[in-house]
Structures are given as structure tokens and as C-alpha cells.
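Listed below are the residues making up each chain.
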Amino acid sequence: RMPPSQLATGMRAVGLHWIAFGLWISLGTPARGTQPAPGFAAETALSEIDAATTFEFAPDGGLYVAQQTGKIFRLENGALAQPPILDLSDRVDDYWERGLIGMEFHPAFPRTPTLYILAVLKEPYPHHVVLSYHVINGRADLSSERLLFEGDDQTQYNGPVLTGHQGGPLVYGPDDCLYFAIGEHTSGTPSQALDTLLGKILRIRADGTIPTDNPFDATATGRYRSVYARG
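Attention in this report is confined to the structure presented alongside it. (Residues numbered from 1 in each chain as written. Predicted model: local features only at pLDDT ≥ 70, side-chain atom pairs only at ≥ 80, totals over all residues. Heavy atoms only, no water.)

### A word on the pairing of strand S7 (residues 114–121)
- Along S7, eight of the eight residues are buried, which leaves the element largely enclosed by surrounding structure.
- A two-sided burial pattern is seen for S7, the buried positions comprising Thr 114, Tyr 116, Leu 118 and Val 120 on one face and Leu 115, Ile 117, Ala 119 and Leu 121 on the other.
- As judged from the five bridges shared by strand S6 (residues 100–105) and S7, these two strands associate in the antiparallel manner. Paired with Phe 105 across the two strands is Leu 115, which belongs to S7.
- Two successive antiparallel strands, S7 and strand S8 (residues 127–136), enclose a turn made up of five residues. (Buried < 20%, exposed > 50% of the residue type's maximum accessible area, 1.4 Å probe, protein only. Helix = DSSP H or I, 4+ residues; strand = E, 2+ residues; numbered from the N terminus. Pairing = 2+ DSSP bridges.)

### Considering the pattern of salt bridges
- In the structure shown here, the tally under the stated rule is eight salt bridges.
- Two residues, Glu 76 and Arg 74, come together in a salt bridge whose shortest N-O distance is 3.2 Å.
- Residue classification places Glu 76 among the partly exposed residues on the basis of a relative accessible area of 39%.
- Notably, a salt bridge pairs Asp 217 with Arg 225, separated by 2.9 Å at the nearest N-O pair.
- Residue Arg 225 is classed as partly exposed on the basis of its relative accessible area, which comes to 24%. (Salt bridge = Lys/Arg side-chain N within 4 Å of Asp/Glu carboxyl O.)

### Observations regarding the sheet that holds strand S11 (residues 177–182)
- Pairing is antiparallel in the open sheet, where four strands are placed in the order S10-S11-S12-S13. Of all strands in the sheet, those bounded by a partner on one side alone are strand S10 (170–172) and strand S13 (227–230). Each adjacent strand pair in this sheet contributes to an overall mean axis angle of 15°, direction not counted.
- Pairing of S11 with strand S12 (residues 200–205) involves six bridges; the strand directions are antiparallel. The residue of S12 that forms the bridge with Leu 178 is Ile 204. (Axes fitted to C-alpha atoms, helices over the stretch in contact; angles between N-to-C directions.)

Given below as C-alpha cells:
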């Protein structure tokens, strides 16, 4: 995982969700310049957590926290409820800015009990995946796992810090599509290319298929037809 000396650099890279949650759970009182508006108060919701990457209020009102190391917990009474609802710590590559970096619940959860995650797995090489699970009795059923999207082999990239700038946000859109961001891994220029996922926002259907109305469907090929915006 990210060395402590590089924390500031990492926070800039992993996005606003990480930064906001890091402030929320780590500060007993608001930082100078971030005092709450009149009528609002700040309080510590959780004081100890290992490398939070994102958090999510599920449609059922539950608050869930994802850790870079591959675990997702429900927050209950100021603590992480045990066991985690999902534990992929044996499969996730959590070095530097890799790891479990995005999660989202189906908008009809728990009636439609589906959890979606974006993570970087170790095997057979470091690569992004979008996975879905059915959540049954508060636990993700590992036998229900579905691979919805599989990214490229990161060892083939040429950025100076391949383990950096991994992306992370994952959103279920009103069009029943999943939108998620993949960083440029410090490679820069390939963010404009349509033969790589680097530096892109991607769009797939919730079943893993690629919509034919994506903007580059006719000019890209294979998984790269998922590109929705390049940056």
C-alpha cells in the first residue's frame, strides 16, 4: 500500500470521495477553514479504519465503507460491523494506489440485492475488474460473483509509477448503466488514445455488456468500446 510519506500525493490521486471521508472519520473537530455552516455540527463517526477508499449510503439507509485492502464493512453504532460483508483481501493487489477502489449498490437495494465493486486484482497480472455480488443476510455471496468487466494487463504500461493514478469512482446511472473511472497510471498521453483504458470514464450495462450508443462504439474495438469520455 501507499507509503505513509506519500499520503498527501495519494490523496490528490484517489479522488474527492476518499478525501471527504478521510476528513470525516479522522478529525475530532473540523479543520480550520472547514467549520460547519450554522445549524450543522461535525462529529467523529469512526476513529479507526485501515486505508478507506470510498464510502456509500445504500438505498436501504445503511452506510458502507470500503478499504483498499479488499474489505467492505457496514458501519453500525460507530464501529465496523463484523464480519465484513465482502472480503477479497487474498485476491486484491493493494500496493500504492491499487486495491478495492470503488463500490456501488443497485438503486433498488435490498429488493434487488446487488453490490458492484471496482478493484485491481493480482492474478494473472494486475488488472482492473468490475464484479457484482448478491448480498444475502448482510453478506456478499461469493458464489454469485459475476465478472462484468476486465481491464488490461498493467505490466504492459509505460508510466513512471504504474501503481499510481488507478481511478476508482463507480456509479449506477439512471440509464441502468455503470460508469467508472480508470486513471492514467502516470502515463499521460495514452489518455487520448482509443486502444487503451488509461485516463478514461467507461460505461457498461449492469449486465456487463457494452452499450452500442457509447460515443466511440464505431471507432473503437473490443473492451475499448466502453469508453465514454477520455481525458
